[in-house]
Amino acid sequence: MESEIKESRLSRMEKVLKEKFSPKEIKLTDVSLEHAGHPGMTKDSKETHFRLQMVSSVFSGKSTVENHRLVYAELGAEFKKGLHALEMDLSSP
């Protein structure tokens, strides 16, 4: 019987972002601990808040709102599984 290794949300998100945006630079940081004590956050709340800094040619010629929508569309499944907030700093090369 093989044991299943649970992949972290951070790893899953990084994989999706790298596949879909081929970023020149990417930095994804779990900042969930910064929100400890906020309403809705419990001692079991993990990997709920992230900060993303990403540079990709996909963002060229698009507005900030368009870029954010692109990222939200790709990470929609994670929001359904408990991702609560994603702070983004997106730019083109």
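Remember, it's a predicted structure, so these values are computed and weren't measured experimentally.

**Some words on the confidence of the model for the protein chain**
- In the predicted model, the protein chain carries a mean pLDDT of 86, and 80% of its residues have values of at least 70.
- Helix H2 (residues 64-74) holds the highest mean pLDDT among the elements of the protein chain, 97, whereas helix H3 (residues 76-80) holds the lowest, 93.

**With respect to the sheet that holds strand E2 (residues 49-55)**
- The strand order E1-E2-E3 describes an open sheet built from three strands, whose pairing is mixed. Two strands in the sheet have a free side with no partner beyond their single neighbour: strand E1 (25-30) and strand E3 (85-91). Here the strands of the sheet are splayed against their neighbours by 10 degrees on average, with no regard to which way each runs.
- Bridge count for E2 against E3 is seven bridges, and the pairing is parallel. By the bridge assignment, Val 55 is partnered in E3 with Ser 91.
- Contacts between H2 and the sheet are confined to E2 and E3, with E3 contributing the most and set at about 130 degrees to the helix.

**Let's talk about helix H1 (residues 9-21)**
- Here H1 spans 18 Å end to end across 13 residues, near enough to the 18 Å set by a 1.5 Å rise per residue.
- Count one or two residues on from H1 and you reach Ser 22, which has phi positive near 40 degrees.

**Quick look at the nonpolar core**
- Ranked by internal contacts, the top residues of the largest apolar core, which has 14 residues, are Leu 17, Leu 52, Met 54, Val 71 and Leu 86.
- Elements represented by at least two residues in this core include exactly H1, E2 and E3.

**Overview of the side chain of His 49**
- As for its placement among the helices and strands, His 49 is situated in strand E2.
- Within polar-contact distance, the side chain of His 49 engages the side chain of Thr 48 at 2.7 Å.

**Here's the deal with the environment of Leu 75**
- Take Leu 75: it is sitting in the loop between H2 and H3.
- Since its relative accessible area comes to 2%, Leu 75 is described here as buried.
- Separated by eleven residues in sequence, Leu 75 and Leu 86 have C-alpha atoms that sit 9.8 Å apart.
- Apart from residues no more than four positions distant in its own chain, Leu 75 is found in contact with Met 13, Val 16, Leu 17 and Leu 86.

**Side note on the packing of H1 against H2**
- Put simply, H1 and H2 touch, their axes get as near as 10 Å, and they point 125 degrees apart. With respect to H2, the axis of H1 lies oblique. Read as a crossing pair, H1 and H2 show a hand that is right-handed. Only Leu 70, Val 71 and Glu 74 of H2 make contact with H1, whose side of the interface consists of Val 16, Leu 17, Lys 20 and Phe 21.
- Residues that form the contact of H1 with H2 fall into these classes: five nonpolar, no polar and two charged.

About the thresholds
- Residues numbered from 1 in each chain as written.
- Predicted model: local features only at pLDDT ≥ 70, side-chain atom pairs only at ≥ 80, totals over all residues.
- Heavy atoms only, no water.
- pLDDT = per-residue confidence, 0-100.
- Helix = DSSP H or I, 4+ residues; strand = E, 2+ residues; numbered from the N terminus.
- Pairing = 2+ DSSP bridges.
- Axes fitted to C-alpha atoms, helices over the stretch in contact; angles between N-to-C directions.
- Contact = heavy atoms within 4.5 Å.
- Expected span 1.5 Å × (residues − 1).
- Core = buried A, V, L, I, M, F, W, Y, C linked by side-chain atoms within 4.5 Å.
- Buried < 20%, exposed > 50% of the residue type's maximum accessible area, 1.4 Å probe, protein only.
- Polar contact = N/O pair within 3.5 Å; in protein donor to acceptor, adjacent residues only side chain to side chain.
- Parallel < 35°, antiparallel > 145°, perpendicular 65-115°, else oblique.
- Left-handed = near helix turned anticlockwise from the far one by under 90°.
- Nonpolar A, V, L, I, M, F, W, Y, C, P; charged D, E, K, R; others polar.

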